[in-house]
Amino acid sequence: MISRASLPSLEPFLPFFLAGEWVEAGGRAIRDVIDPATEQVITTVADATPADVDHAVAAALEAHRSRVWSGMDPLERTRIMNRVAELIERDLEELAILETRDQGKPIERSRADTQSAANTFRHFAGATTRLGGTVVPIDGGSHHAYTVKEPVGPVAAILPWNFPVMTAAYKLGPALAAGCPVIVKPAEDTPLTALRLAALMAEAGIPTGVVSVITGDHVAGATLSTHPDIAKVTFTGSTEVGAHILHASVPGFKRVTLELGGKSPNIIFADADLDLATVTAMRATFGHSGQMCTAGSRILVQRSVLGEMTERLAEAAAKVPVGDGLAGGISVGPMVSEEQRQRVLGYIESGKSQGAQLVTGGGISGPGYYLEPTLFTGVTNDMVIAREEIFGPVAGIIPFDDEAEALRIANDTTFGLAAGVWTTDLARAHRMAQGISAGTVWVNTYNIFHPALSFGGVRDSGLGRDLGEAGLDGFLETKSIVMAV
Ligand code: NAD
């Protein structure tokens, strides 16, 4: 149990890290940062102005042109990026507490996210010496043709509020390994850990201008992502804003990577290990208050075990520990904001009015933006709660008869981010993994991530990939060089 009374009060995060300097707030608009568990203002941040965005982009462009980072000995870049990982680990507990106070998530989750941020820097630190091209035999030897990989240029990284420190690292790690300068804009609800990360990157020796963190809302995000000197926008957030960013990328043909929403099926066959499937379904749907793009919020259950699984899932959902994320041992903390809680309550009402049966949850408590894990049965795939991303602790059980029907329902969605399949039949597991249209399929597990493993979606879930080789490649351009011999 971490007692709030024992924590130091936070100084205003008024100065923000811009192009290597901490800047005074001056006349900028000030934004309250609220602890979702107490509804209290814990500190403030300043909104970046269009001039700040220009300043950060100019510094990034200068860093790109001068090659202060991309032209550095690759092993020196490896050393600096490894140092960032070490500093994150040194300050892991402080960062994790800050993340929980800012975001509300359970402290164990914040620790794991922060460790994942360190792991991401460490993984991509090792990539700086493997940005190799190829020699291409284009004729009988009268030309020597080869390719080189070059950094795409200044990158805008626009982050969501659900995984602040982790998504910052998902963008910064590969972009820096590729040699790109990066301007990070965290979500307006959760700016704190990205600002701390900026300080750690400066301490590690990332040169001035290579990384800026600017705070603000959609106005700062739009100003940054449409800036003519930004070469690439890497965005994690809603499908709606992703579509804006894609449209806005046309002038100048900016490169874009979009990690967007999901409505993932978690498919439980009768032959599965039902104990494990039940426990994991709790984590997959209600973990992090369901505020996960990969939330397995459509629980597809084979009809022959529908009664048994409904009972098991309802019983388990009713026991999920809900409370202050700093208390420890909590699975579901508060929602990030009252606005988000109201949005989710609207979906619960929609489920009821469309004829789904509420088997557990639906209640709220406070102070703090708490919402009970909520489970519906009798859900059909055409209901709003089965089609739209809820982004809260709400899941619905949808029955199916056989593999073909499970696949049809799983793929009957505009999204395609992730899916879970539970079966002990190996051939069926492979057939399902092949048949599901999504960026990731987990079999007899859920929500496994690694910096070496690319992650992203198809259709409305996005474009391009974070992490892995595909993520790294997204920050590189291939240049072909042909020389007459
Ligand atoms: P959001 O789209 O509302 O905001 C994301 C970021 O975009 C914020 O920093 C915001 O200030 C900024 N922004 C808003 N309008 C903008 C504009 N017009 N131009 C540029 N930037 C703009 O998303 P959110 O509510 O913060 O996050 C929740 C969403 O993120 C969910 O839909 C979730 O599925 C998605 N998400 C996806 C993944 C993934 O990897 N696929 C991971 C986490 C979250």
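Up top is the structure.
Residues numbered from 1 in each chain as written. Predicted model: local features only at pLDDT ≥ 70, side-chain atom pairs only at ≥ 80, totals over all residues. Heavy atoms only, no water.

1. Remarks on the side chain of Lys263
Here Lys263 is to be found in the loop between strand 11 (255-259) and strand 12 (265-268). Salt bridges are absent for the buried Lys263, whose nearest opposite-charge side chain, Glu389, sits at 8.1 Å. Engagement of the side chain of Lys263 in a polar contact is seen with the backbone oxygen of Glu388, the distance being 2.9 Å. Those residues within four positions of Lys263 in sequence are excluded, and the remaining contacts are Ser297, Arg298, Ile385, Ala386, Arg387, Glu388, Glu389, Ile390, Thr413 and Phe415. (Helix = DSSP H or I, 4+ residues; strand = E, 2+ residues; numbered from the N terminus. Buried < 20%, exposed > 50% of the residue type's maximum accessible area, 1.4 Å probe, protein only. Lys, Arg positive; Asp, Glu negative; His and termini not counted. Salt bridge = Lys/Arg side-chain N within 4 Å of Asp/Glu carboxyl O. Polar contact = N/O pair within 3.5 Å; in protein donor to acceptor, adjacent residues only side chain to side chain. Contact = heavy atoms within 4.5 Å.)

2. Topic: the sheet that holds strand 10 (residues 232-236)
The sheet built from 6 strands is open, its strands ordered 9-8-7-10-11-21 with mixed pairing. Because the sheet does not close on itself, it has two edges, and the strands there are strand 9 (211-213) and strand 21 (462-463). As paired strands, strand 10 and strand 11 are joined by 5 bridges and run parallel to one another. Across the sheet, residue Phe235 finds its bridge partner in strand 11, namely Leu258. Contacts from helix 7 (residues 218-225) reach strand 7 (155-158), strand 8 (182-185) and strand 10 within the one sheet, and its direction differs from that of strand 7 by about 155°. The sheet strands contacting helix 8 (residues 239-248) are strand 10, strand 11 and strand 21, and the helix crosses strand 11 at an angle near 175°. (Pairing = 2+ DSSP bridges. Axes fitted to C-alpha atoms, helices over the stretch in contact; angles between N-to-C directions.)

3. A look at the layout of surface pockets
Taken as a whole, the largest pocket holds about 1,100 Å³ of empty space. If you trace the largest pocket, you find 42 residues lining it, with Trp161, Phe235, Gly237, Ser238 and Val241 closest to the centre. Contributions of two or more residues to the lining of the largest pocket are made by helix 7, strand 10, helix 8 and helix 11 (338-353). Take the lining of the largest pocket: its biggest share by element is 6 residues, from helix 8. Computed from the structure, the second largest pocket encloses a volume of approximately 710 Å³. Forming the boundary of the second largest pocket are 37 residues, of which Arg109, Phe163, Met292, Asn447 and Phe449 lie nearest the centre. (1 Å grid on protein atoms, 1.4 Å probe; cavity = no way out; pocket = protein on both sides within 12 Å on 5 of 7 lines; lining within 4 Å. Points joined across faces, edges and corners; volume = space filled by probe spheres on them.)

4. Let's talk about helix 9 (residues 274-286)
Taking 1.5 Å of rise per residue, the 13 residues of helix 9 would be expected to cover 18 Å, and the 18 Å separating its terminal C-alpha atoms lies within 8% of that figure. Those residues of helix 9 lying buried are Leu274, Ala277, Thr278, Thr280, Ala281, Met282, Ala284, Thr285 and Phe286. The inward-facing, buried residues of helix 9 contact strand 12, strand 13 (298-302), helix 10 (306-319), strand 17 (374-377), strand 18 (394-400) and strand 19 (418-422). Among the residues of helix 9, the N-terminal cap falls to Asp273, whose side-chain oxygen and the backbone nitrogen of Asp275 are separated by 3.2 Å. Positive phi appears at His288, one or two residues downstream of helix 9, with a value of about 55°. (Expected span 1.5 Å × (residues − 1).)

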